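What follows is the residue order along each chain.
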Amino acid sequence: EQHTHTHMEPVEDVLACHAIDTAFNTTHSILHTSSHTSLSSFEISFVAACSSFLTLLLAALFNQLKLSTKQQASTWSAPRKPDFDKLIEDTKRSYLVAEKQRRDTEQLLNLQPASLSAFPPQNRYYGIICNAYKDFLEAIHGTERDGWYYQGEKRGVHRYKKDIHSSTFSIYRGEKVLPYASNVLIRAVRDKQIRLAVSDGQMTDCGALEQVDENCTVQYEQYKSPAPFVSARDFVYVDTIHRLHDGTVISFGSSIEHPARPQSDRYLRAHLKIGGWAFKPVPNESNQTKVVYVVRADL
């Protein structure tokens with residue numbers, strides 16, 4: 001405001017001086033004219049008095065205008081200084097979270113033999129389960145550093161994708177928090193009627209071919225043809241349920257061949273490289289579970 005007042009004051013002074021100078025020149029012009037005309041002393045005095053009065057009046061007028069001029073404060077303000085400390089802390093926090101996920105994955109992988117030995121007695125699918133377990137853990141804990149990239153959100157499901165080197169079959173992951181306890185959800189995904197219902201009519205049949213042990217079964221799924229002149233598909237895979245040390249319940253599987261469901265001309269046998277569910281408890285929320293679905297398949 002002080003800057004604005006200092007800027008405007010010389011302009012008003014110039015106007016006032018210009019008015020006074022104009023009045024003086026007018027008086028001088030009249031007096032100069034009187035030297036060539038016959039004016040009485042009274043007329044000359046009258047003209048001089050009027051000129052002086054006009055000069056004082058104009059000076060007072062401009063002075064009044066100068067005093068009554070309303071100064072407007074500038075609306076410009078300096079931009080806010082970025083909070084670099086907060087930006088640095090946020091960046092550090094994101095890296096710490098990613099690093100913790102990486103360490104958790106390594107710890108689980110290092111504990112693989114002990115964790116798998118906690119399953120019911122080893123069976124003939126133990127080697128397939130070991131490989132599937134490793135791939136599944138890497139998938140549910142993977143971050144951008146591991147090659148995963150975000151594909152957006154649809155109906156509350158956050159979708160991720162990872163391309164596999166030297167392979168045309170990518171791996172996909174979906175995540176969503178549901179308002180149910182994990183034990184309710186694990187039963188739901190293993191119930192035949194619910195599985196058929198959530199497939200939107202694509203799955204025509206499913207079920208267990210063999211109960212290998214308490215936590216391991218051989219499953220089959222068959223799907224209708226997705227388009228004309230395209231064969232219907234089916235899957236046969238070994239599925240295992242396990243609880244991790246943090247309370248997460250996982251159900252994962254990988255394709256196998258089984259005599260109870262040999263390949264048929266009616267269906268094109270699809271290959272499930274890795275697939276399954278993870279049900280992670282939400283801290284301090286007993287009725288909420290973070291559901292993670294992973295799949296990599298050759299259809």
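The model shown is predicted, which means the values in this text are computed figures rather than measured ones. Per chain, residues are indexed from 1 in the order of the written sequence. Per-residue local features are limited, in this predicted model, to residues with pLDDT of at least 70; the limit for side-chain atom pairs, both in listing and counting, is 80 or more; totals at the level of whole chains, interfaces and linings are taken over all residues. The side-chain numbers reported here are obtained from all heavy atoms of the structure, hydrogens and water having been left aside.

Asks: Any chance you could explain the nonpolar core here in plain terms?
Replies: Across soluble globular proteins, nonpolar side chains have a tendency to be buried as a group. Remark: nonpolar core denotes a set of buried residues (Ala, Val, Leu, Ile, Met, Phe, Trp, Tyr, Cys) joined through side-chain atoms within 4.5 Å. The rule is simple: take the accessible area with a 1.4 Å probe, protein chains only, and divide by the maximum for that residue type; under 20% is buried, over 50% is exposed, in between is partly exposed. By size, the foremost hydrophobic cluster in this structure holds 25 residues, and its most contacted members are Tyr125, Phe136, Ile140, Ile250, Phe252 and Val294. In what follows, a contact means two residues having at least one pair of non-hydrogen atoms within 4.5 Å. Among residues more than four places away in sequence, those in contact with Phe252 are Ile129, Ala132, Tyr133, Phe136, Val238, Asp239, Thr240, Gly275 and Gly276. In terms of nonpolar packing, the next biggest core, distinct from the first, is built from six residues, Leu185, Ile241, Val249 and Val291 among them.

Asks: When you look at a nonpolar patch on the surface in this model, what are you seeing that I'm missing?
Replies: A contiguous nonpolar patch, built from Phe53, Leu54 and Leu57 and spanning about 310 Å² of accessible area, is present on the exposed surface. Along the chain, Phe53 turns up in helix H2 (residues 41-68). On the basis of relative accessible area, Phe53 is assigned to the exposed category, the value being 57%. Patch definition: residues above 30% relative accessible area lacking any salt bridge, with like charges linked at up to 9 Å and the nonpolar side chains Val, Leu, Ile, Met, Phe, Trp and Tyr linked at up to 5 Å. Computed by Shrake-Rupley with a 1.4 Å probe, the accessible areas treat only the displayed protein chains as cover when residues are assessed. Salt bridge, as used here: a side-chain nitrogen of Lys or Arg that lies within 4 Å of a carboxyl oxygen of Asp or Glu. Counting from the N terminus, the helices are DSSP H or I runs at least four residues long and the strands are E runs at least two residues long.

Asks: I tried to follow the packing of aromatic side chains on my own but got confused; where do I start?
Replies: Two descriptors summarise a pair of aromatic rings, namely the distance from one centre to the other and the angle between the planes of the rings. Side-chain rings of Phe, Tyr and Trp, where Trp is taken by its six-membered ring, are said to pair if the distance between their centres is within 6.5 Å; with planes under 30 degrees apart they count as stacked, over 60 as edge-to-face, and otherwise as tilted. In the structure shown here, the tally under the stated rule is six aromatic pairs. Geometrically, the ring pair formed by Tyr223 and Phe235 is edge-to-face, given 5.9 Å between the ring centres and 85 degrees between the ring planes. Here the residue Tyr223 occupies a position in strand S5 (residues 216-223), and Phe235 occupies one in strand S6 (residues 232-243), the gap between them amounting to 12 residues. The exposure class of Phe235 is buried, given its relative accessible area of 8%. Centroid distance Trp277 to Phe279: 6.2 Å. Interplanar angle 10 degrees. Geometry classified as stacked.

Asks: Sorry, what's going on with the environment of Val292 here?
Replies: Inspection of the secondary structure assignment puts Val292 in strand S10 (residues 285-298). For the pair formed by Val292 and Glu175, sequence separation is 117 residues and the distance between their alpha carbons is 4.6 Å. Val292 has contacts with Ile140, Arg173, Gly174, Glu175, Gly276, Trp277, Ala278 and Lys280, leaving out every residue within four places of it along the chain.

Asks: Would you mind showing me how to read the pattern of salt bridges here?
Replies: Two side chains of opposite charge can pair, provided their charged atoms sit close to one another. Summed over all chains, the structure comprises 12 salt bridges. With a closest N to O distance of 2.6 Å, Glu210 and Arg124 form a salt bridge. On the criterion of sequence distance, the pair formed by Glu210 in strand S4 (residues 203-213) and Arg124 in the loop between helix H4 (112-117) and helix H5 (126-140) is long-range, its members being 86 residues apart. Given a relative accessible area of 60%, Arg124 falls into the exposed group. Arg195 is the partner of Glu221 in a salt bridge, and the nearest nitrogen-oxygen pair spans 2.9 Å. Of this pair, Glu221 sits in strand S5 while Arg195 is found in helix H7 (residues 192-198), placing the two residues 26 residues apart along the sequence. Across the pair, exposure class does not vary: Glu221 and Arg195 are buried alike. Connected through shared salt-bridge partners, Asp234, Glu257, Arg261 and Arg269 make up one network.

Asks: Help me understand the pairing of strand S9 (residues 271-282) in this model?
Replies: A regular strand carries its side chains on alternate faces of the sheet. DSSP bridges decide pairing: two strands pair if at least two such bridges lie between them. Summarising the sheet, strand S7 (residues 249-255) and S9 pair through five bridges and their orientation is antiparallel. Bridge assignment links Gly253 to a residue of S9, and that residue is Gly275.

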